[in-house]
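So you can see what is in the structure, the chains are spelled out below.
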Amino acid sequence: MVKLHIKKGDESQFLYETTVAVPVEDLLKDVMAIYNGRLKIDRLCSEMEFLAKSGITLPPNMQGLTEEQIEELKLKDEWADRCVPSGGYEEKQDEYGRRNGRAPNEKMAEVLNKTRKEAQDMVSKKQVQADVCMTQANVMEALDILRGAVMIVYPMGLPPHDPIRQELENTEDLSGTQASLEVIEEANASLWWAGKELVRGKKLQDYVGKNEKTKIVAKIQKRGQGAPSREPVVSEEEQKQMMAYYFRKQEDAKKLEASEEDAYLDSQWADTNALKNQFQGLRDVKWGGPR
């Protein structure tokens, strides 16, 4: 199996295994599903952290308003009494004014936090260092456990305007957000290796050959943005090792130079009392040992 180290820019994303005979369009479809799926999991985990702290999201027309403003405008959250967490709630005001402040109790909050940590670990970039390849099944499994945790804590479901529900139902609207800049739709995606774009209609073997044991670094890029930066000849880790080696060599050279500068002090010509000792007949005096 060919192993692809998928990167976005210079940042590692995940490892992916396939065969050299895979069509480029199928490869792109799978790789981008994993890439965008990992972004979805990151967004879900971020929102679930706030869900555990401050409860469900307020309706859009109430977000950011003070209690006085809500009373003055006679606004009411119709979902507050419908979407109550299992075991009741604890009053914890949301400092950002996005959530209703009815947080799950400690036990239910732990369910959310433990599950989101587990999901994050499943698709973490650290899996690259562990040499673990990513598949769509891994992404789906992570999404499933997040969905299960939300159902346990909120058996009546979440409001339709809550971003967690929207993410799980694939109805999220990311327009105008930073997250929208990170998502790359498959139709707008390109994959590059060794300064070459892998063109749809061809197979991977047209670029890397027929050796199934090949390992390459492939970079994701939006179409039309040109070629991404090529991989450096020396890796970051190798560069650190080289710098450490040359630093040690430099320090050793400094110590040797300092040692050579002080060595003359032991020479006879450097003795400030040499002339005086010569006139007094004290030069090369050898003291006899005990008899």
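To be clear, the structure that these remarks concern was listed above.
The structure contained in this document is the topic of the report that follows. (Residues numbered from 1 in each chain as written. Predicted model: local features only at pLDDT ≥ 70, side-chain atom pairs only at ≥ 80, totals over all residues. Heavy atoms only, no water.)

**Section: the overall build of the protein**
Here comes step 1: The helix and strand tally for the protein stands at ten helices and seven strands.
Here comes step 2: Counting only contacts in the protein whose residues sit at least 6 apart along the sequence, the fraction spanning at least 24 positions is 69%.
Here comes step 3: Summed over its atoms, the accessible surface of the protein is roughly 18,800 Å², and 50% of this surface lies on carbon and sulfur atoms. (Helix = DSSP H or I, 4+ residues; strand = E, 2+ residues; numbered from the N terminus. Contact = heavy atoms within 4.5 Å. Areas by Shrake-Rupley, 256 points an atom, 1.4 Å probe, with all protein chains shown as cover.)

**Details of the nonpolar core**
Here comes step 1: Judged by nonpolar contacts, the single largest core of 54 residues is most densely connected at Leu4, Ile6, Leu27, Ile41 and Leu191.
Here comes step 2: If sequence neighbours within four positions are ignored, leucine 191 has contacts with Leu4, Ile6, Leu27, Leu28, Lys196, Glu197, Leu198, Ala218, Lys219 and Ile220. (Core = buried A, V, L, I, M, F, W, Y, C linked by side-chain atoms within 4.5 Å. Buried < 20%, exposed > 50% of the residue type's maximum accessible area, 1.4 Å probe, protein only.)

**Digging into the environment of threonine 19**
Here comes step 1: Tracing the sequence through the fold places threonine 19 in the loop between strand 2 (11–18) and helix 1 (24–54).
Here comes step 2: Between the alpha carbons of threonine 19 and asparagine 211 there is a distance of 9.2 Å; along the sequence they are 192 residues apart.
Here comes step 3: Ignoring any residue separated from it by four or fewer positions in sequence, one finds threonine 19 in contact with Met1, Val2, Leu204 and Glu212.

**Description of the pattern of salt bridges**
Here comes step 1: Counted under the stated rule, the structure contains 16 salt bridges.
Here comes step 2: When the shortest N-O distance is used, the salt bridge between arginine 99 and aspartate 162 registers 3.6 Å. With arginine 99 in the loop between strand 3 (89–91) and strand 4 (102–104) and aspartate 162 in the loop between helix 5 (136–153) and helix 6 (163–168), this pair connects stretches of sequence that are 63 residues apart.
Here comes step 3: With its nearest N and O atoms 3.0 Å apart, the salt bridge here joins arginine 147 to aspartate 144. Placement of the pair is arginine 147 and aspartate 144 together in helix 5, with a separation of three residues, close to one helical turn. (Salt bridge = Lys/Arg side-chain N within 4 Å of Asp/Glu carboxyl O.)

**Comments concerning the packing of helix 1 against helix 5**
Here comes step 1: Where helix 1 meets helix 5, the closest approach of the two axes is 9 Å, and the angle between their N-to-C directions is 25 degrees. On the basis of their axis angle, the class for helix 1 and helix 5 is roughly parallel. As for the relative orientation of helix 1 and helix 5, their crossing is left-handed in sense. Of the residues in helix 5, those touching helix 1 at Asp30, Ala33, Ile34, Gly37, Arg38, Lys40, Ile41, Leu44, Cys45 and Met48 are Gln136, Val139, Ala142, Leu143, Leu146, Ala149 and Val150.
Here comes step 2: Of the residues assigned to the contact of helix 1 with helix 5, the class counts are twelve nonpolar, two polar and three charged. (Axes fitted to C-alpha atoms, helices over the stretch in contact; angles between N-to-C directions. Parallel < 35°, antiparallel > 145°, perpendicular 65-115°, else oblique. Left-handed = near helix turned anticlockwise from the far one by under 90°. Nonpolar A, V, L, I, M, F, W, Y, C, P; charged D, E, K, R; others polar.)

**As for the layout of surface pockets**
Here comes step 1: As a volume, the largest pocket reaches approximately 540 Å³.
Here comes step 2: Along the walls of the largest pocket sit 20 residues, with Leu58, Glu67, Ile70, Arg99 and Asn100 positioned nearest its centre.
Here comes step 3: Split into classes, the residues belonging to the lining of the largest pocket amount to five nonpolar, six polar and nine charged. (1 Å grid on protein atoms, 1.4 Å probe; cavity = no way out; pocket = protein on both sides within 12 Å on 5 of 7 lines; lining within 4 Å. Points joined across faces, edges and corners; volume = space filled by probe spheres on them.)

**Focus on the packing of aromatic side chains**
Here comes step 1: This model, assessed by the stated rule, comprises one aromatic pair.
Here comes step 2: Pairing phenylalanine 50 with tyrosine 96 gives two aromatic rings, centres 6.1 Å apart and planes at 90 degrees, and the pair type is edge-to-face. Separated by 46 residues along the polypeptide, phenylalanine 50 in helix 1 and tyrosine 96 in the loop between strand 3 and strand 4 bring together distant segments of the chain.
Here comes step 3: A cation sits over an aromatic face here: arginine 82 above tryptophan 79, 4.5 Å from the ring centre. (Phe/Tyr/Trp six-rings, centres within 6.5 Å; stacked < 30°, edge-to-face > 60°. Lys NZ or Arg CZ within 6 Å of the ring centre and 35° of its normal.)

**Some remarks on a nonpolar patch on the surface**
Here comes step 1: Together, Met242, Tyr245 and Tyr246 line one region of the surface with nonpolar side chains, adding up to about 340 Å² of accessible area.
Here comes step 2: With a relative accessible area of 41%, methionine 242 lands in the partly exposed category. (Patch = residues over 30% accessible without salt bridge, like charges linked within 9 Å, V, L, I, M, F, W, Y side chains within 5 Å.)

**What about unusual backbone geometry?**
Here comes step 1: Even without being glycine, lysine 74 reaches a positive phi, approximately 55 degrees.
Here comes step 2: Mapped onto the secondary structure, lysine 74 falls in the loop between helix 2 (67–72) and strand 3.
Here comes step 3: Judged by its relative accessible area of 75%, lysine 74 falls in the exposed class.
Here comes step 4: For alanine 194, which is not glycine, the phi torsion reads 55 degrees and is therefore positive.
Here comes step 5: Positionally, alanine 194 belongs in the loop between strand 5 (189–193) and strand 6 (196–197).
Here comes step 6: Owing to a relative accessible area of 38%, alanine 194 belongs among the partly exposed residues under this scheme.

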